[in-house]
Amino acid sequence: MDHFSYRNTNKMVRTHVVVGSRPCCFSCAMEEKDPCVRKAWLELSLRDMHMIRDDTELALTLSFIWRYAMADPENPELPSLGVFECMTRLMKKGLEDVEWVMTGQNVYVPYYAAHIIGSYTMKKPEFATKAVESGVIAPLLELMRGKMSWVEQRVVVRALGHLASYETTFEAVAAYEDEVVRLAMEIAMTCVDVVYEEFVSVQEKEGRVRYHSDLLTRGLGGLEMEDRKAEEWASQLQCWSLHLLNCFAYKQRCISLICNKTFLKELSQMWGGLVNHTSPSGIGLIRIICYSKQGRRHVSGSREMILSLCNLSRSSDDWQYMGIDCLLLLLKDQATRYNVLEMSLFYLVDLVELKALNVRPNLGDRITKVLLMHYKTKKGCAYSHKTQKALKELWRNKVERRRRERKFMSKNQEFLRETSVVVYLIKQQANQLLHVGDIEGAIKCYTEAIGLCPLKLRRKRMNLYSERGECYLLLGDVDAAISDCTRALCLSEPVNSHGKSLWTRSRANDIKGLSRESLMDCIMFVNGRCFRGNIPYYAAQMISKQMEATWLFEKARASKLGRMMLKEKFHLTGLSTITEEPEKKKEGMMMQRKKLDPLE
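Everything numeric in this text was worked out from a predicted model, so none of it was measured.

What counts as what
Residues numbered from 1 in each chain as written. Predicted model: local features only at pLDDT ≥ 70, side-chain atom pairs only at ≥ 80, totals over all residues. Heavy atoms only, no water. Helix = DSSP H or I, 4+ residues; strand = E, 2+ residues; numbered from the N terminus. Contact = heavy atoms within 4.5 Å. Areas by Shrake-Rupley, 256 points an atom, 1.4 Å probe, with all protein chains shown as cover. 1 Å grid on protein atoms, 1.4 Å probe; cavity = no way out; pocket = protein on both sides within 12 Å on 5 of 7 lines; lining within 4 Å. Points joined across faces, edges and corners; volume = space filled by probe spheres on them. Nonpolar A, V, L, I, M, F, W, Y, C, P; charged D, E, K, R; others polar. Patch = residues over 30% accessible without salt bridge, like charges linked within 9 Å, V, L, I, M, F, W, Y side chains within 5 Å. Salt bridge = Lys/Arg side-chain N within 4 Å of Asp/Glu carboxyl O. Lys, Arg positive; Asp, Glu negative; His and termini not counted. Charge placed at Lys NZ, Arg CZ, Asp CG, Glu CD. Buried < 20%, exposed > 50% of the residue type's maximum accessible area, 1.4 Å probe, protein only. Axes fitted to C-alpha atoms, helices over the stretch in contact; angles between N-to-C directions. Parallel < 35°, antiparallel > 145°, perpendicular 65-115°, else oblique. Left-handed = near helix turned anticlockwise from the far one by under 90°. Core = buried A, V, L, I, M, F, W, Y, C linked by side-chain atoms within 4.5 Å. Expected span 1.5 Å × (residues − 1).

Participant: Can you break down the overall build of the protein residue by residue, with the values?
Facilitator: Regarding its fold elements, the protein presents 32 helices and 2 strands. Contacts spanning at least 24 positions in sequence make up 70% of the contacts within the protein whose residues lie at least 6 apart. Carbon and sulfur atoms make up 54% of the accessible area of the protein, which totals about 28400 Å².

Right, here's the structure in full:
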């Protein structure tokens, strides 16, 4: 229920206009059966809407139009009658007339006006063209600059992202290219801190901007519900800002600006999370950047970025395939290959037995081919000894062994059966050693079994890798445990579905401090097992721990807590003046935000 209508359940949206001598309201015009009369009333209502004096009626009308647009964004009726011109006038009025926008519920007007533009332009390029011709970009850009608050910025970057995604309207947005890109980068980097500082960290209901609370929860729910919605909206604001940057990066515009070192470092950590799991967030933009030569050069120079891509490639995240795509693009480029191979090789080598991932057939073979580029040439001698050794092992196990097995076993099926029996017996011996606590002995047996087990016996190899990964974890070798469990998960059908490997890797990632990867593995583990609604305590505990660690506002919360402790420390030692100025500045900013809330 809309945050206006919950107080006005039986109240009609009455935006009065006059056609001849006959008055009407906007909702009445929408219900009019005569198409000629309906068209005339709606056109006149949209034309004169900015002159309405009753702030409640105006806010109700805009709320109604927004819901109508969201329900049927491809309906041409209102766009053809001047809805974009109407929204442009309302945004301009809100920006230019401070007294008006602070009167009653007029504060909602810029938000809904921008939201209506974004809703009508998300699917049809002809509507986007109409919007641009109506002059929507200038007021949208003014709101994006932060003229009001983060709440308006969220719907503005959504609308501009839609306009920038069409060939017909991209250049209109690109007329402000430098500023739009810089603003989108700044919003993506700071929006989470801003939302936490200005809203979530305020624990008293009266201390929060009231119209923000009403928009978030439609006037219902307490602080907990507001916090959950604020997390969702902050994530959307970040992801939609990245989508806007995507539109420029896709056309290889402003690549050098987007590839700022500070931004790339932050970008590698931007994640839609569970509240916005359908958005690729940071990895989506990174992949687009990697399609350009200039972008690859910048990405390959960021160690944090490469490490983030490597960890993603060995996770059960929905965007795992994007991490692999980025690494392969960097490795194929001779200008960036040598910067990336030394680190990525020891992650990608665990994925060479992948069959398919996200409609990418024979992905393991593609990875092998890219890793072994120049292996038999002089260029391969330029790698470090450790890298050359790993490549030699990959060549022996993946290429030579496959050729040998195909040639020999196609003619000798009896040998395949005999080998399978020997592998089973060695595995049983390993299990017995593990049972009596001889973990190192068990690892040697599992390793021997893996070396003997034919490549085509994927299920047996999966179990052997999984068991050896568990042994490595028991010994505290988390890197080896993650490596073996990843190999097991690549052999599983479907990919990333073997429960024991997921749980082992989740624990190993937890020890290593990879909270996001641990969380995704644990969720996949729970979803893939038939627990009949009763999630085991150990899994629930792990999920709870990692959700807290990956909470969108965790970094902002820790940063604020650190500042408070530092301030207290300085205060106790008589050095409080060091932190007084920044705090006063923040208090001033908060007061400015409060001034924008006429409902207080």
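Participant: I'd like a rundown of the layout of surface pockets, residues and numbers included.
Facilitator: Summary: where empty space remains is shown by rolling a probe the size of a single water molecule over the atoms. Of the pockets and cavities examined, the largest pocket occupies roughly 1100 Å³. Lining the largest pocket are 44 residues, with Gln269, Met270, Trp271, Arg516 and Thr550 positioned closest to its centre. At the level of secondary structure, the elements contributing two or more residues to the lining of the largest pocket comprise α12 (177–200), α14 (223–250), α16 (261–267), α17 (281–290), α19 (303–313), α29 (515–528), α30 (537–549) and α31 (554–572). Broken down by element, the lining of the largest pocket gets its largest block of residues, 7 residues, from α19. Across the lining of the largest pocket, the residue classes break down as 22 nonpolar, 12 polar and 10 charged. Roughly 830 Å³ of volume is contained in the second largest pocket. Taken together, 28 residues make up the lining of the second largest pocket; nearest its centre are Val349, Asp350, Glu393, Ser483 and Arg487. Mapped onto the lining of the second largest pocket, the elements with two or more residues apiece are α21 (334–348), α23 (385–409), α25 (439–452), α26 (458–474) and α27 (478–491). The element best represented in the lining of the second largest pocket is α23, accounting for 8 residues.

Participant: Explain a positive patch on the surface to me, using residue names and the numbers behind them.
Facilitator: On the surface, Lys376, Lys392, Arg396 and Arg403 cluster together to form a positively charged patch. Within the secondary structure, Arg396 is located in helix α23. Residue classification places Arg396 among the partly exposed residues on the basis of a relative accessible area of 40%.

Participant: Could you give me a rundown of the environment of Leu160, with the residues and numbers involved?
Facilitator: Structurally, Leu160 can be placed in helix α10 (residues 150–164). On the basis of relative accessibility, which here comes to 1%, the residue Leu160 falls in the buried class. The sequence separation of Leu160 and Leu140 amounts to 20 residues, and the corresponding C-alpha distance is 7.6 Å. Those residues in contact with Leu160, other than ones at most four positions away along the chain, are Leu140, Met144, Val173 and Leu244.

Participant: Give a description of the side chain of Arg337 that names residues and reports values.
Facilitator: Following the sequence through the fold, Arg337 ends up in helix α21. No salt bridge is formed by the buried Arg337; the nearest opposite charge belongs to Glu342, separated by 9.4 Å. Not counting the four nearest positions on each side in its chain, Arg337 is found in contact with Leu330, Leu331, Val370, Leu371, Leu372, Met373, His374 and Tyr383.

Participant: An account of the environment of Trp240 is needed here, citing residue identities and associated values.
Facilitator: In this fold, Trp240 is placed in helix α14. In this structure the C-alpha to C-alpha distance between Trp240 and Gly161, which are 79 residues apart in sequence, comes to 6.9 Å. Excluding residues that lie within four positions of it along the chain, Trp240 makes contacts with Arg154, Val157 and Arg158.

Participant: Any details on the environment of Val275? Residues and values, ideally.
Facilitator: Structurally, the position occupied by Val275 is in the loop between α16 and α17. Sequence spacing of Val275 and Leu552 is 277 residues, and the spatial spacing of their C-alpha atoms is 9.2 Å. Setting aside chain neighbours within four positions, we find Val275 in contact with Glu231, Glu232 and Ser235.

Participant: Can you break down a nonpolar patch on the surface residue by residue, with the values?
Facilitator: A surface patch of nonpolar side chains, amounting to about 310 Å² of accessible area, comprises Val421, Tyr424 and Leu425. Mapped onto the secondary structure, Val421 falls in helix α24 (residues 413–435).

Participant: Tell me what's going on with the packing of helix α8 (residues 125–133) against helix α11 (residues 167–174), and back it up with residues and numbers.
Facilitator: Where α8 meets α11, the closest approach of the two axes is 8 Å, and the angle between their N-to-C directions is 30°. The orientation of α8 relative to α11 falls into the category roughly parallel. The chirality of how α8 crosses α11 is left-handed. Of α11, the residues touching α8 (which contributes Pro125, Ala128, Thr129 and Val132) are Thr168, Thr169 and Ala172. Here the contact of α8 with α11 is built from residues that sort into 4 nonpolar, 3 polar and no charged.

Participant: Any chance you could break down the nonpolar core for me, citing the residues and the numbers?
Facilitator: Formed by 142 residues in total, the largest nonpolar core has its most connected members in Met49, Met87, Leu140, Met144, Phe263 and Leu267. Here this core takes 13 residues from α12, the largest share from any one element. Not counting chain neighbours up to four residues away, the residues in contact with Met87 comprise Leu62, Ile65, Ala113, Ile116 and Ile117. Counting 24 residues, the second-largest nonpolar core is a separate cluster that includes Val423, Leu473, Ala488 and Ala508.

Participant: Tell me about α14, and name the residues and values.
Facilitator: In this model α14 runs 40 Å from its N-terminal to its C-terminal C-alpha over 28 residues, within 8% of the 40 Å that 1.5 Å per residue would give. Backbone geometry just downstream of α14 places Gln252 in the positive-phi region, at approximately 55°.

Participant: Account for the pattern of salt bridges, naming residues and giving values.
Facilitator: Opposite charge on two side chains permits pairing when their charged atoms draw close. On inspection of all chains with the given rule, the structure shows 37 salt bridges. Ionic pairing is found between Asp479 and Lys512, a salt bridge with its closest N-O pair at 2.5 Å. You can see Asp479 sitting in helix α27 and its partner Lys512 sitting in helix α28 (residues 499–512), a full 33 residues away along the chain. Among the charged side chains, a network of salt bridges with common partners joins Glu142, Arg145, Lys147 and Glu179.

The values reported here are purely geometric and, on their own, carry no functional implication.
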